[in-house]
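# Geometric and topological summary
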Amino acid sequence: RGNMAFAGKYEFECDENYDEFVKKIGLSSDKIELGRNCKVITEVVQNGNDFIWTQHFPGGRTMSNSFTIGKESDMETMGGKRFKATAKMEDGKIVADFPNYHHTAEICGDKLIEVSS
């Protein structure tokens, strides 16, 4: 089965259980407030199994992770911590384990659905 096409720009629409999640991963209260209902634009550049995953935050701050499916990569969390992870493709979803949570991303129609648990 071929890889799903993730390339594009996606505007943040909603989050569920935001407070519970950010407290569990240890974000500071100022970062929690900054992220609440924040209109983040996620831009994905995909070249085969190579990805550049960039989040554009209001006020001009950006956070970007580059990775290749199946290869260990240096990544950064929302809180700014650096770590190593290997992103995988499972059933059309990109899956990666961050230090305190498991993250999946998939395309449904024209929407990017990201789940951290």
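The residue count restarts for each chain, going from 1 along the sequence in the order it is written. Two thresholds apply to this predicted model, a pLDDT of at least 70 for residue-level local features and 80 or more for giving and counting side-chain atom pairs, whereas whole-chain, interface and lining totals are computed over all residues. Each side-chain value is derived from all of the structure's non-hydrogen atoms; neither hydrogens nor water enter the calculation.

You'll find the protein entered in an unreviewed UniProt entry as FABP6 protein, with Ceuthmochares aereus given as the organism. Recorded in UniProt for the protein, the comment headed Sequence similarities (unreviewed entry) runs: "Belongs to the calycin superfamily. Fatty-acid binding protein (FABP) family." UniProt positions are given in the numbering used here, feature names are shortened, and annotations may be inferred rather than shown by experiment.

Between the rings of Phe, Tyr and Trp (Trp by its six-membered ring), a pair exists once the centres lie within 6.5 Å; its type follows the angle of the planes, with under 30 degrees stacked, over 60 edge-to-face, and the other angles tilted. By the definition in use, this model includes 6 aromatic pairs. Aromatic pair Phe 6 and Trp 53: ring centres 6.1 Å apart, planes at 50°, arrangement tilted. Of the two residues, Phe 6 is situated in the segment before β1 (8-11) and Trp 53 in strand β3 (residues 50-56); the sequence distance between them amounts to 47 residues. The pair Phe 6 / Trp 53 is uniform in exposure class, with both members buried. Aromatic pair Phe 51 and Phe 67: ring centres 5.2 Å apart, planes at 10°, arrangement stacked. In this pair, Phe 51 sits in strand β3 while Phe 67 sits in strand β4 (residues 62-68), placing the two residues 16 residues apart along the sequence. Comparing Phe 51 with Phe 67, the two get one shared label, buried. Under the DSSP-based scheme used, a helix requires at least four consecutive residues in state H or I and a strand at least two consecutive residues in state E, with every element numbered from the N terminus. Residue exposure (1.4 Å probe, protein chains only): buried if accessible area is under 20% of the type maximum, exposed if over 50%, otherwise partly exposed.

Now for the pattern of salt bridges. Any two side chains of opposite charge can pair, given that their charged atoms come close. Counted as salt bridges are all cases of a side-chain nitrogen of Lys or Arg within 4 Å of a carboxyl oxygen of Asp or Glu. In this structure the tally under the stated criterion is 3 salt bridges. Note that Asp 74 is salt-bridged to Lys 84, the shortest N-O span being 2.7 Å. Of this pair, Asp 74 sits in strand β5 (residues 72-76) while Lys 84 sits in strand β6 (residues 82-86), and the two are 10 residues apart along the sequence. For Lys 84, a relative accessible area of 51% gives the class exposed. For Glu 76, the salt bridge is made with Arg 82, and the minimal N-O distance between the two is 3.3 Å.

Two strands qualify as a pair provided that DSSP identifies no fewer than 2 bridges between them. In spatial order, the strands read β1-β2-β3-β4; together these 4 strands make up an open sheet with antiparallel pairing. The sheet is open, and its two borders are formed by β1 and β4, each paired with just one other strand. Here the average twist between neighbouring strands, direction ignored, is 15°. Bridge count between strand β2 (residues 41-47) and β3: 7 bridges; the pairing is antiparallel. Paired with Gln 46 across the strands is Phe 51, a residue of β3. Each axis is a line fitted through C-alpha atoms, taken for helices only over the stretch in contact, and angles between the N-to-C directions span 0 to 180 degrees.

The topology assignment puts Val 45 in strand β2. Considered as a pair, Val 45 and Ser 66 are 21 residues apart in the sequence and their alpha carbons are 9.4 Å apart. Once residues lying within four places of it in the same chain are set aside, the contact partners of Val 45 are Asp 50, Phe 51 and Ile 52. The contact rule is simple, with two residues in contact once any of their heavy atoms fall within 4.5 Å.

On to the environment of Val 95, then. Mapped onto the elements of the fold, Val 95 is located in strand β8 (residues 93-97). Each C-alpha atom, one on Val 95 and one on Ile 69, is 9.2 Å from the other, the two residues being 26 residues apart in sequence. If we ignore the near neighbours within four places in the chain, the residues touching Val 95 are Thr 86, Ala 87, Lys 88, Glu 90, His 102, His 103 and Thr 104.

Let us look at the environment of Lys 81. Structurally, Lys 81 can be placed in the loop between β5 and β6. Placed 18 residues apart in sequence, Lys 81 and Pro 99 show a C-alpha to C-alpha distance of 9.0 Å.

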